[in-house]
Amino acid sequence: MDAVSPLDFLDADPRPACVVDLRKCGRNGEPHIELRNTALQTQGNLLDTLLGNDEENSSARARFRAWIADEGGGAAVFTSLDCVGGYRANTDFVESPGQAGNSKYQMASAQGCQAAGMALPADINIATGRTRFASICRAAQALLQPLELDGEDLLSFKCGDAAHGFNSLTSAQIQAVLCPILVRGAKVATGFLVVGIKSGVARSQLSRAWLKCITSLASERVQAIMNAEEAMIATGEYESKSKVLENALADRNDVTEKLASTLAMIEMVDVGIFDFDTSGVLLHANEAYYRLSGHPKGDAAKGYSWADCVFPEDQEMTFTQWGLLSQGVATNFEMRWKRPMASTFDGKEDTEGQWVLAACVPTKNEAGEVIAIAGCIMDLAAQKRSQNDALKRAEALERAQASEERFTRFAESAPIGIYILGLDLKLQYVNRAWFDINGHEVVEDFGIIDWHSVVSAEGIAVVAVQLDLVIQKQQAVTFQFQLQRAWSNGQGGQGQAWALASAYPEVDKDGAVIGIAGTLTDISQLKWAESVQKQRVEEAVEARRQQDNFIDMTSHEIRNPLGAVIHCADLVMSSLKDMADLVGGSLSAFSPDQRTHFNELRDGALEAVNTIISCSSHQKRIVDDILTLSKLDSRLLTIVPSPIRLDSILRDAANMFEVDAKKVSVELRVDKADSLRTLAVDWVMLDSGRVMQVLINLITNALKFTQKEAVRVVTLSMGASRSRLSERELEVEFVPLHTLRDRAVNGVEWGSGEEVYLYFKVSDTGCGFSDEQKAIIFERFAQASPRTHSRYGGSGLGLFITRELIELQGGEIGVSSRPGDGTAFAFYVTARSVVAPQTDLAIAGPRRSSKETGSKQAKVSHTILVVEDNVVNQKVLRKQLEKLGHDVHVVSHGGEALSFLETTSCWKGNTATDVNLDVILMDIEMPVMDGFTCTRKIREAEAQGQIEGHLPIIAVSANARHEQIKYALECGMDDTISKPFRIVDLIPKIARLIAG
C-alpha cells in the first residue's frame with residue numbers, strides 16, 4: 001500500500017474538522033487553527049460563528065474552550081498527535097494483500113516521528129519478531145482492535161542492531177496507540193497505524209472514539225485505493241501509468257545524478273556559495289564559504305549569524321545591503337569577514353579579516369515574499385593586496401616626488417656645498433653654496449663646469465687620489481684641499497681658501513658604482529684659526545722651554561756655588577773641631593780670660609758655619625721646590641716605581657737628619673710598626689725618591705717648629721695595610737683631594753704583586769696651629785700665619801708640593817694639631833709588593849778590597865775618582881773626602897776619566913798599578929765629553945771585557961729634574977745626587993754601592 005498520511009484521513013472525513021494547536025494561542029487564549037479539512041473549509045462560517053465576538057455565540061465559545069481544557073490543560077485531541085507512522089503488508093512475501101499469510105510489514109509513511117524523538121523500525125516481522133513491539137503487533141493482529149503502547153514498548157523498538165525510541169525521554173513520558181487496518185474480506189491486518197500521543201493526555205471516551213473513527217477511515221481509504229489499483233490493472237491503465245512512473249523515476253534518477261554532480265562541483269570550486277534564512281542563520285553552504293568566512297560548522301554554529309562575522313566598523317554597510325536584500329533587491333558588494341578566534345591560525349583575534357566580493361539574490365515564495373538569501377562570495381585578498389601594493393607604490397612615488405622637491409629646496413638653501421659627480425668625474429649637480437665656496441660663477445648647465453679651475457694645483461692631486469678611492473674601493477672619504485681663490489675674514493685674517501670635502505659612492509642594485517655624491521664645507525676660517533693656534537702653541541712651548549732652560553740654568557748656577565759653600569762650611573766646621581782638639585791640651589796654659597775668649601771664638605765660628613749650612617740648605621730646598629712646582633704646572637711630574645726595601649727608607653731618613661737634629665737639640669725617633677712584620681712586607685715597588693722628598697719636607701718642618709720648644713721630640717713612624725687607610729686609623733683629618741686621578745699602581749711598570757698601602761707619620765712637640773690655619777697650609781705659597789715666615793722662614797710651597805706628590809702616588813695626607821700641643825702629619829701611598837731582587841755576582845764582578853787603617857772601628861778608606869770641571873768643587877770635594885781618609889783622584893771631563901781608567905787595576909791586563917778604583921763621582925755637564933757619554937763608554941768597555949767587573953758610578957749634577965735623573969740611570973749610572981749636597985749625604989750612597 002502507498003504511504004498514507006493521517007491528515008488524509010482527516011481530510012476525507014465528511015464532517016467538518018480542524019486541528020487546534022494551543023501552543024500557538026494568542027494572548028487572550030484564542031485557539032490557533034492549524035488545519036481545516038475540506039468539509040470545514042466549505043463551511044468556514046462555523047468557526048467564525050464559534051470564535052466570533054458576538055454575544056450569541058458566547059455560550060458555544062465557552063463550551064469549546066472548556067472542552068479544550070478538559071482534554072489535557074491546553075492540548076486538544078487533535079493536537080496531542082505528536083507523530084504518526086503507517087505500516088503496510090510487505091507484498092514481496094504474499095501473493096496479494098490481505099491474505100492470511102501476511103507476517104512482514106514495511107514502513108509506508110512517517111510524519112513527525114523524528115521531531116518527536118521516536119525512531120520507528122523500518123520493517124516488522126510479527127511472526128518471528130522478538131521485540132515487545134512485534135509481540136504487540138501480533139496481539140493487535142489477533143484481536144483486530146487498537147492497543148495502547150507504553151514507554152517501555154516504545155523504548156524497545158529495534159532496527160537491526162540499532163536501538164530506537166524516544167530520544168532522551170523516559171518510559172513514563174511517552175505513549176502511543178497501535179491501530180490495525182482492515183479491508184473487506186481480509187482476515188488479517190492489511191497494515192498498522194501507529195499514533196503517538198503526548199504524555200499526560202487523558203484517555204477519554206472521546207479520544208478512544210476518535211481513534212476508532214480514524215482507524216475505520218484509514219481502512220476505508222485503503223480499501224478505496226486498493227479498488228482503484230485493481231481497476232487500473234483491469235483496464236491496462238496500470239501498466240501505462242507504471243511505465244510513465246518508471247520513466248519519471250528514470251528522469252528523476254538522471255536529474256538526481258546531475259544534481260549530485262552539480263553539488264560535488266559546487267563543493268570543489270573556490271567560490272563560496274551560501275543560503276541564509278531571513279533571520280541571518282546559515283541554512284546551507286559549501287566548503288569554500290566556510291573557508292573564506294570562517295563560519296563555524298555543526299554544533300558550534302548554533303546561535304550564530306552572519307552579523308557575528310562582520311567587523312564593527314563594517315556593520316553599517318553590511319546591514320544596509322542586508323536591508324536591500326530583505327526588500328527583494330539583488331546586490332553585490334565588497335566586505336570583510338572577521339574570523340572567529342577558534343578558526344585563526346594562532347588562536348588570536350582577527351584584526352585584518354578576509355576580503356570577499358559578495359553577490360546576493362533574495363529567494364521568494366509564490367506570494368513574492370523573501371524567504372531566504374542566496375549568493376556567492378569570491379576571495380579578494382590577492383586583489384586587495386595588489387590594490388594596497390599599488391596604493392603604497394603610488395604613495396611612495398608621491399612621497400619620493402615630495403622628498404625630491406624638499407631635497408631640492410633644502411639643497412639650494414643649505415649652507416654647505418652639495419655635488420654629484422659621474423664616473424667621468426664631471427659634475428651632474430651642484431647647489432648654490434657650491435658656487436659660493438669655490439668662487440665659480442653660477443651657471444645652469446652643470447656639465448660645462450670644470451672643477452679643476454677652482455682647485456689649487458696641490459689640491460687637484462689630493463682630490464684625484466680621494467675620488468679614486470671612492471670608485472675603486474667603494475669607501476666613503478673625507479679630505480681637505482686648498483682652493484684657488486683668496487680668503488679674508490675682514491679682521492686681519494687672510495690666506496688661501498680651504499674646503500673640507502666628503503664623498504661617498506652611489507651604487508646600483510648590483511653593487512656597481514654609478515656616481516659620487518658628497519658635500520663641501522668652507523673651512524678657511526678654521527684653517528686660519530688652526531695656524532694661529534699652532535703658532536701660539538709653538539710660542540708657548542718655546543716660552544716654556546726657555547723658562548725650563550732658564551730654571552735649569554739658574555738652578556745649575558745656584559747649586560754649583562751652593563755646593564762649594566756647603567762643602568767649605570763642612571770643611572771649616574771639621575777644621576774648627578780639629579783645631580779645638582789640637583789646642584785642647586794647651587788650654588790649661590791659658591788664662592781664664594784667654595780660655596773664655598777662645599771658647600767664644602770657637603763657638604761663634606761653629607755657629608756661623610751652622611748658619612751658613614742652614615741657609616744653604618734652605619736655599620737648596622727653595623730651588624728644589626721651584627723645580628718641582630715647574631714640573632707640576634707643566635703636568636710633567638711622573639711617578640717612576642722601582643724595587644726598594646722599606647727599612648732603607650727609614651734608615652736613610654734617620655741618617656739624613658741625624659746631624660741636623662743634634663744641632664738643634666731635637667730627639668729624632670724612628671718607629672717601625674708591627675704591621676710590616678705581620679703582613680710580611682719587606683720589598684715594594686715604589687717611587688722612593690718622591691716619598692723621601694715628602695719626608696724631607698715634613699721632617700724639616702718638624703725640626704724647624706720644634707727647635708725652640710721646651711720638649712723637643714720628632715717621631716717618624718711607618719706601617720702597612722692591605723686596605724686603604726682611614727682618618728680614624730691614622731688619627732688625622734684628611735685634606736680634600738686637589739685632583740681626582742686614576743689608580744696609581746695599575747701600570748705595567750708596577751708589576752703584578754699584591755697591592756699594599758704604606759703609611760708614614762711625622763709627629764712633633766712643636767708649637768702646633770689652629771683649625772683655621774689647617775685649612776690654608778696646603779695651598780700654594782701659603783703659611784700658617786704672616787709671622788711664620790718672619791720667624792721660621794720658608795716659601796709656602798713645601799706642603800702644597802707634598803700634597804701633590806702624595807696624590808700622584810694614589811694616597812692622601814692629613815694633619816692633626818692644636819696650638820701649643822704639637823703637630824702630626826700622616827699620609828699613605830699605594831705600592832705593590834715585590835720579591836727581593838737577586839744580585840748577579842757575575843755581573844757585579846769581584847768586590848774590590850778597601851784599605852782599612854787601624855782596628856775594626858777605624859774608618860773605611862775607598863779609592864774615588866772625581867770627574868768635575870769646576871775647579872772650586874774639585875778642590876773642596878777632594879779635601880773633604882781626603883779628610884775622611886779616602887784616596888781621591890780628580891779629572892776635568894769624561895775623556896780624561898777614560899784615560900785614567902786605563903791606568904787602574906780594573907782595566908784588563910793592567911797589573912802593574914796599585915790604583916784599585918772603588919767608585920766614580922761623575923758630573924753631567926762638562927766640556928770635551930759629558931758625563932752621559934762617558935758612562936755609556938764605560939759600560940760598553942765592561943760589556944767587551946776591557947773593564948773587569950762592574951764599576952759603580954754616582955751622577956753628581958746640579959740638574960735635578962726627574963727626566964735628567966732617569967736618563968742618567970738609563971745611561972748606566974747606579975745612583976744620583978744633586979748639588980748642593982753634603983758629605984754626610986754622599987758617604988752612605990758610596991758605602992751602599994760598594995757593599996752591593
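Fair warning: this is a prediction, and the values are worked out from it, not measured in the lab.

Participant: Please explain the overall build of the chain as it appears in this structure.
Facilitator: Broken down by element type, the chain carries 29 helices and 35 strands. Each of the 996 residues in the chain was classed as buried or not, and the buried ones make up 42%. Partitioning the intrachain contacts of the chain with sequence separation of at least 6 by distance along the chain shows that 62% fall at a separation of at least 24. About 53600 Å² of surface is accessible on the chain, with carbon and sulfur atoms providing 53% of the total.

Participant: Just to check I follow, could you spell out the packing of helix H26 (residues 894–901) against helix H27 (residues 931–944) for this structure?
Facilitator: Angle between the axes and distance between the axes: these two values describe a pair of packed helices. Contact geometry for H26 and H27: axes closest at 9 Å, N-to-C directions at 25 degrees. In terms of orientation, H26 lies roughly parallel with respect to H27. Here H26 and H27 pass one another in a crossing that is right-handed. Mapping the contact onto sequence places Gly894, Ala897, Leu898 and Leu901 in H26 and Cys934, Lys937 and Ile938 in H27. In terms of residue class, the contact of H26 with H27 is built from five nonpolar, one polar and one charged.

Participant: Help me understand helix H19 (residues 688–706), please; the structure alone is not making it clear to me.
Facilitator: Each α-helix winds once per 3.6 residues, and so residues spaced three or four apart point in a common direction. Over its 19 residues, H19 extends 26 Å from the first C-alpha to the last, a length consistent with the 27 Å expected when each residue adds 1.5 Å. The buried fraction of H19 amounts to 15 of the 19 residues, a majority that puts the element mostly inside the structure.

Participant: What am I meant to see in the pattern of salt bridges here?
Facilitator: In this structure the tally under the stated criterion is 21 salt bridges. With a closest N to O distance of 3.1 Å, Arg336 and Asp314 form a salt bridge. Pair noted here: Arg336 is in strand E13 (residues 331–337) and Asp314 is in the loop between helix H10 (287–293) and helix H11 (315–326), with a separation of 22 residues, a long-range link. Taking the relative accessible area as the measure of exposure, Arg336 reaches 12% and is therefore buried. On the basis of relative accessibility, which here comes to 14%, the residue Asp314 falls in the buried class. A salt bridge links Arg992 to Asp975; its shortest N-O distance comes to 3.4 Å. Taken together, the positions of Arg992 in helix H29 (residues 983–995) and Asp975 in strand E35 (residues 975–978) put the pair 17 residues apart, joining distant regions of the chain.

Participant: Even after reading the chapter, I still don't get the sheet that holds strand E19 (residues 494–507), so can you show me in this structure?
Facilitator: In spatial order, the strands read E17-E16-E20-E19-E18; together these five strands make up an open sheet with antiparallel pairing. Because the sheet does not close on itself, it has two edges, and the strands there are strand E17 (427–430) and strand E18 (477–488). Within the sheet, the average angular offset between the axes of one strand and its neighbour, ignoring direction, is 25 degrees. Pairing analysis gives nine bridges linking E18 to E19, with the strands arranged antiparallel. Bridge assignment links Ala486 to a residue of E19, and that residue is Gln496. Across the sheet, helix H14 (residues 457–473) is in contact with strand E16 (417–421), E18, E19 and strand E20 (513–522); its angle to E18 comes to roughly 155 degrees.

Participant: Would you mind going over the sheet that holds strand E31 (residues 863–867) with me for this structure?
Facilitator: Taken in spatial order, the five strands line up as E32-E31-E33-E34-E35 in an open sheet, and their pairing is parallel. Taken across any chain shown, the strands that pair with only one partner, and hence form the sheet edges, are strand E32 (887–891) and E35. Taking each pair of neighbouring strands and ignoring which way they run, the sheet shows an average axis angle of 20 degrees. Looking at chain direction, strand E33 (residues 919–923) and strand E34 (residues 953–957) are connected through four bridges and run parallel. Residue pairing across strands places Ile920 opposite Ile953, the latter belonging to E34. Where H27 meets the sheet, its contacts fall on E33 and E34, and the angle it forms with E33 comes to roughly 150 degrees.

Participant: Just checking my understanding: could you explain the pairing of E16 for this structure?
Facilitator: Walk down a regular strand and you will see the side chains alternate between the two sheet faces. Most of E16 is tucked away: four of the five residues are buried. Two elements, E16 and E20, share five bridges in a ladder whose sense is antiparallel. Paired with Ile418 across the strands is Thr519, a residue of E20. The sheet contact formed by E16 and E17 spans three bridges and is antiparallel. Bridge assignment links Tyr419 to a residue of E17, and that residue is Val430. Here E16 folds back onto E17 in antiparallel fashion, the turn holding five residues, of which Leu425 has a positive phi close to 65 degrees.

Participant: Got a minute to help me understand the nonpolar core in this structure?
Facilitator: A general trend in soluble globular proteins is that nonpolar side chains are found buried together. Val684, Leu686, Leu695, Leu758, Phe825 and Phe827 are the most contacted members of the largest nonpolar core, which has 43 residues in total. Take this core: its biggest share by element is eight residues, from H19. If sequence neighbours within four positions are ignored, Phe825 has contacts with Leu698, Phe760, Lys761, Val762, Phe769, Ile777, Phe778, Leu799, Ile813, Gly814 and Val815. With 26 residues, the next largest nonpolar core counts Leu427, Val430, Val470 and Leu520 among its residues.

Participant: I keep staring at the confidence of the model for the chain and nothing clicks. Help me out?
Facilitator: Detailed reading of the predicted coordinates is not advisable wherever pLDDT is low. Confidence in the prediction for the chain averages 76 pLDDT; 72% of positions are at 70 or higher. Of all helices and strands in the chain, the one with the weakest mean pLDDT is helix H24 (residues 841–844) (35), whereas E31 scores best (93). Across residues 65–83, where pLDDT falls below 50, the model places 43 contacts with residues more than four positions away in sequence or in other chains. Note that residues 784–794 has pLDDT below 50 and, in this model, 19 contacts with residues that lie over four places away or in other chains.

Participant: Please clarify how unusual backbone geometry should be interpreted in this entry.
Facilitator: Most of the time, phi is negative for any residue but glycine, and the peptide bond is trans. One non-glycine residue, Leu425, lies in the positive phi region at around 65 degrees. Within the secondary structure layout, Leu425 lies in the loop between E16 and E17. Leu425 sits in the partly exposed class, given a relative accessible area of 26%. Positive phi is not limited to glycine here, since Ala680 has a value of about 55 degrees.

Participant: Looking at this structure, how should I read H11?
Facilitator: In this model H11 runs 16 Å from its N-terminal to its C-terminal C-alpha over twelve residues, within 8% of the 16 Å that 1.5 Å per residue would give. For H11, every residue scored as buried is listed here: Thr318, Gln321, Trp322 and Leu325. Buried residues of H11, viewed axially, fall in a sector of 100 degrees; they line one side. Buried residues in H11 make contact with strand E11 (272–277), E13, strand E14 (354–364) and strand E15 (370–379). At the exit of H11 stands Gly328, carrying a positive phi of roughly 90 degrees.

What counts, and where the lines are drawn
Residues numbered from 1 in each chain as written. Predicted model: local features only at pLDDT ≥ 70, side-chain atom pairs only at ≥ 80, totals over all residues. Heavy atoms only, no water. Helix = DSSP H or I, 4+ residues; strand = E, 2+ residues; numbered from the N terminus. Buried < 20%, exposed > 50% of the residue type's maximum accessible area, 1.4 Å probe, protein only. Contact = heavy atoms within 4.5 Å. Areas by Shrake-Rupley, 256 points an atom, 1.4 Å probe, with all protein chains shown as cover. Axes fitted to C-alpha atoms, helices over the stretch in contact; angles between N-to-C directions. Parallel < 35°, antiparallel > 145°, perpendicular 65-115°, else oblique. Left-handed = near helix turned anticlockwise from the far one by under 90°. Nonpolar A, V, L, I, M, F, W, Y, C, P; charged D, E, K, R; others polar. Expected span 1.5 Å × (residues − 1). Salt bridge = Lys/Arg side-chain N within 4 Å of Asp/Glu carboxyl O. Pairing = 2+ DSSP bridges. Core = buried A, V, L, I, M, F, W, Y, C linked by side-chain atoms within 4.5 Å. pLDDT = per-residue confidence, 0-100. Arc of directions from axis to C-beta.

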